[in-house]
Each structure stands twice: as structure tokens, then as C-alpha cells.
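Summary of structural features
The lines below spell out each chain.
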Amino acid sequence: MSYAPKRPSIGKTRRARIFLAHDGVCWLCKAKIGPEEPWDCDHQVSRELGGSDGDDNLAPAHKQCHKIKTAADVKAIAKSNRIRRQADPETRRQTKHPIRSGPTNWPKRAFLQRLKHNGD
């Protein structure tokens, strides 16, 4: 379940502007991205973790570097979503077996059974 709003697509002009702003260097491995190498515009701080869609949060990354970072982000996003669900009473998961409350005769019953077994 995603809490982030649907993001607009990144056009060719914006991709080129982001690439040139970072001098064609992958922000993850700090290596130059070659002319034939595949690359992505990556959110430095994931949107679901509070990042924005602004150009200041986007940077070029090799496809392989981006794939590794995304795998790590998925775990952080899942944890963030679990914390949000726990804080939201409407989405908090209810227990299957709620704890019963109220008067009980458990201590008396247990005590009487022990007396019968001891022969007292």
C-alpha cells in the first residue's frame, strides 16, 4: 500500500537537465555515465520516505546502482508503512483473539482443584 501520491512522469527535457546538472555522474557510485550506458533519474530520498519530486531530489544513477538502492528502499518503505498503520486506528490490525476482561473464578477454581488432588 502506497502512501505517496501518484507522481508525474519525467520528460526527456527534464531528464537531460538533471543529467547535465550532475555532470553525467552517477550519484550512487560516483562514476561517469557513458553515452551508451542505461541510466535512471533516481530520487535521492525516496518519495515515500519524505522526498520530493523536485529537481534537487533527482539525480542520475546507473540502472544497476539504482536497482540495488531500490531494494534497500523497499525495506525502509515497508517499515515506514508498518509504523504508519500502527499509528492509524482505522488501519491498525485487530487481534484475532482479544483478551477477555471481567470477573473470573480462575484463582478459586485452581485452588480447589489442588486441594482435591492433595487429598485435603
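This text goes with the structure placed above it.
Residues numbered from 1 in each chain as written. Predicted model: local features only at pLDDT ≥ 70, side-chain atom pairs only at ≥ 80, totals over all residues. Heavy atoms only, no water.

Within the largest apolar cluster, eight residues are counted, these being I18, C26, I33, W39, C41, L58, A61 and C65. Elements with a contribution of two residues or more to this core: β1 (39-43) and β2 (58-62). In this view, A61 contacts C26, W27, L28, I33, W39, D40, D42 and H66; residues no more than four positions away in its chain are not counted. (Core = buried A, V, L, I, M, F, W, Y, C linked by side-chain atoms within 4.5 Å. Buried < 20%, exposed > 50% of the residue type's maximum accessible area, 1.4 Å probe, protein only. Helix = DSSP H or I, 4+ residues; strand = E, 2+ residues; numbered from the N terminus. Contact = heavy atoms within 4.5 Å.)

Our focus in this paragraph is unusual backbone geometry. Residues other than glycine seldom take positive phi values, yet D23 does so here, at roughly 55 degrees. By the element assignment, D23 lies in the loop between α1 (12-21) and β1. Take D23: its relative accessible area is 55%, and that puts it in the exposed class. One non-glycine residue, K30, adopts positive backbone phi at about 65 degrees. Relative to the helices and strands, K30 is located in the loop between α1 and β1.

One pass over the full model with this rule turns up six salt bridges. Between R14 and D55 there is a salt bridge, with the nearest N and O atoms lying 2.7 Å from each other. With R14 in helix α1 and D55 in the loop between β1 and β2, this pair connects stretches of sequence that are 41 residues apart. R47 serves as the salt-bridge partner of D53, at 3.3 Å between the closest nitrogen and oxygen. The exposure class assigned to D53 is partly exposed, which follows from its relative accessible area of 23%. Beyond isolated ion pairs, a larger network of salt bridges with shared partners links R14, R17 and D55. (Salt bridge = Lys/Arg side-chain N within 4 Å of Asp/Glu carboxyl O.)

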